[in-house]
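Residues per chain, in single letters:
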Amino acid sequence: MNTVFDQMLARYEIKTSNDKRNAIHEVMQQITLLGLYRAGFFNKAAFYGGTCLRIFYNLKRFSKDMDFSLLEKDSNFELDTYFEAITDEFKAMGREVSISKKAKTANSQIESAFLKDTTEIINIQFATERAIKIKIEVDKDPPLHFKTEHKLLLLPQSFMTRCFTLQGLYAGKMHALLFRTWKTRVKGRDWYDFEWYVRNGTAVDFTHLKERASQSGYNGKQAFTKELCIELLKHRIKNTNIEMVKNDVMPFLKETQETEIWSTDYFLQLADMIKFE
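Presented here is a report on the structure given in the accompanying data block. Quick caveat: nothing in here was measured; it's all calculated off a predicted structure.

Here is what the cut-offs are and how they apply
Residues numbered from 1 in each chain as written. Predicted model: local features only at pLDDT ≥ 70, side-chain atom pairs only at ≥ 80, totals over all residues. Heavy atoms only, no water. Salt bridge = Lys/Arg side-chain N within 4 Å of Asp/Glu carboxyl O. Helix = DSSP H or I, 4+ residues; strand = E, 2+ residues; numbered from the N terminus. Buried < 20%, exposed > 50% of the residue type's maximum accessible area, 1.4 Å probe, protein only. Patch = residues over 30% accessible without salt bridge, like charges linked within 9 Å, V, L, I, M, F, W, Y side chains within 5 Å. Areas by Shrake-Rupley, 256 points an atom, 1.4 Å probe, with all protein chains shown as cover. Contact = heavy atoms within 4.5 Å. Pairing = 2+ DSSP bridges. Phe/Tyr/Trp six-rings, centres within 6.5 Å; stacked < 30°, edge-to-face > 60°. Lys NZ or Arg CZ within 6 Å of the ring centre and 35° of its normal.

**A closer look at the pattern of salt bridges**
- Applying the stated criterion across every chain yields a total of 19 salt bridges.
- Arg-61 is paired through a salt bridge with Asp-193; the nearest N and O atoms lie 2.7 Å apart. With Arg-61 in the loop between helix 3 (50-57) and strand 2 (66-70) and Asp-193 in helix 6 (residues 188-199), this pair connects stretches of sequence that are 132 residues apart.
- Taking relative accessible area as the criterion, Asp-193 reaches 0% and is therefore assigned buried.
- Where Asp-190 meets Arg-180, a salt bridge forms, and the shortest distance between an N and an O atom there is 2.7 Å.

Listed below in structure tokens is the structure:
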């Protein structure tokens, strides 16, 4: 008999190994959200980042990591409290998972734009297939002045997830584009999401972006204005290897031809189309 997990997985068109891995990750993410919901997690925290955009706004690219922000600073918050609810939910869906805390390291190839000493990180992986895993990050000292809303998810069953508004999600993505620490790789997924926001006419929550910039990233003498934001982004674009950007995002796309138009000039023109709240 197929498990609920298998039934959820069957909804996806799977032709390649990348397709299968991406689909498994997304089913795992949905089950994790349900477990967190049952345990009352969204009374204290909100979902944001590319995975949130994928699940609730139909972003075409897949994602693996899940980012959450507490609604207010709480240094005593422990994600361990929710481990049992998550594992119980997976059991109900027919799968066994293990959860472990991940040590923060300073030498990872791509550091999260929001990875601070106050960020708690866990990995959720199958007990029998440990290479299949998703990562959760929770910011316990979040930049504030963001708005949230409750978004409906119908699978594995109907439930609500507290999410950043679309404008707040865009602010988080702009912060990542401007201030993410890049080493030997770039994160093309950030640029894919940026293109999506511009194409959909979304406005950046500039108040929240300024809050993020002041907490981590911007330390210039000049005031952080909308004009400066565009200037900094264009500087970043000019110094980014677009071929590396394409290579990073390819495994998360079913329609890879979307990136054929990507170039430095393409993203510079997108930068001129940014809207602010």
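**Digging into a nonpolar patch on the surface**
- A cluster of nonpolar side chains, namely Tyr-37, Leu-152, Leu-154 and Met-160, defines an oily patch on the protein surface of about 390 Å² accessible area.
- Counting through the fold element by element, Leu-152 comes out in strand 6 (residues 148-153).
- The exposure class assigned to Leu-152 is partly exposed, which follows from its relative accessible area of 47%.

**Some details on the environment of Tyr-170**
- Considering the arrangement of structural elements, one finds Tyr-170 in helix 5 (residues 166-179).
- Placed 26 residues apart in sequence, Tyr-170 and Trp-196 show a C-alpha to C-alpha distance of 9.8 Å.
- Tyr-170 has contacts with Phe-194, Tyr-197, Val-198, Thr-202, Ala-203, Val-204 and Ile-274, leaving out every residue within four places of it along the chain.

**Section: the environment of Thr-161**
- Residue classification places Thr-161 among the buried positions, given a relative accessible area of 0%.
- Residues within four places of Thr-161 in sequence aside, it is in contact with Leu-33, Phe-42, Phe-47, Phe-56, Glu-149, His-150 and Lys-151.

**Some thoughts on the pairing of strand 2**
- Within strand 2, five of the five residues are buried, which leaves the element mostly enclosed by the surrounding structure.
- Bridge analysis of strand 1 (residues 45-48) against strand 2 gives four bridges, and the strand direction is antiparallel. If you follow Phe-47 over to strand 2, its bridge partner there is Phe-68.
- In the sheet, strand 2 pairs with strand 5 (residues 133-139) via four bridges, with the strands oriented parallel. Bridge assignment links Met-66 to a residue of strand 5, and that residue is Ile-136.

**A few points about the packing of aromatic side chains**
- Summed over all chains, the structure comprises 25 aromatic pairs.
- Ring geometry for Phe-47 versus Phe-68: centroids 4.9 Å apart, planes at 20 degrees, classification stacked. Taken together, the positions of Phe-47 in strand 1 and Phe-68 in strand 2 put the pair 21 residues apart, joining distant regions of the chain. No difference in accessibility class separates Phe-47 from Phe-68, as the two residues are buried.
- Ring centres of Tyr-48 and Phe-164 lie 5.1 Å apart, and the angle between their planes is 35 degrees; this geometry places the pair in the tilted category. Of this pair, Tyr-48 sits in strand 1 while Phe-164 sits in strand 7 (residues 159-164), and the two are 116 residues apart along the sequence. In this structure, Tyr-48 and Phe-164 share a single accessibility class: buried.
- Taking NZ or CZ as reference, Arg-54 lies 3.9 Å from the ring centre of Phe-62, over its face.
- Above the plane of the ring of Phe-5 lies Arg-95, whose end atom (NZ or CZ) is 5.1 Å from the centre.

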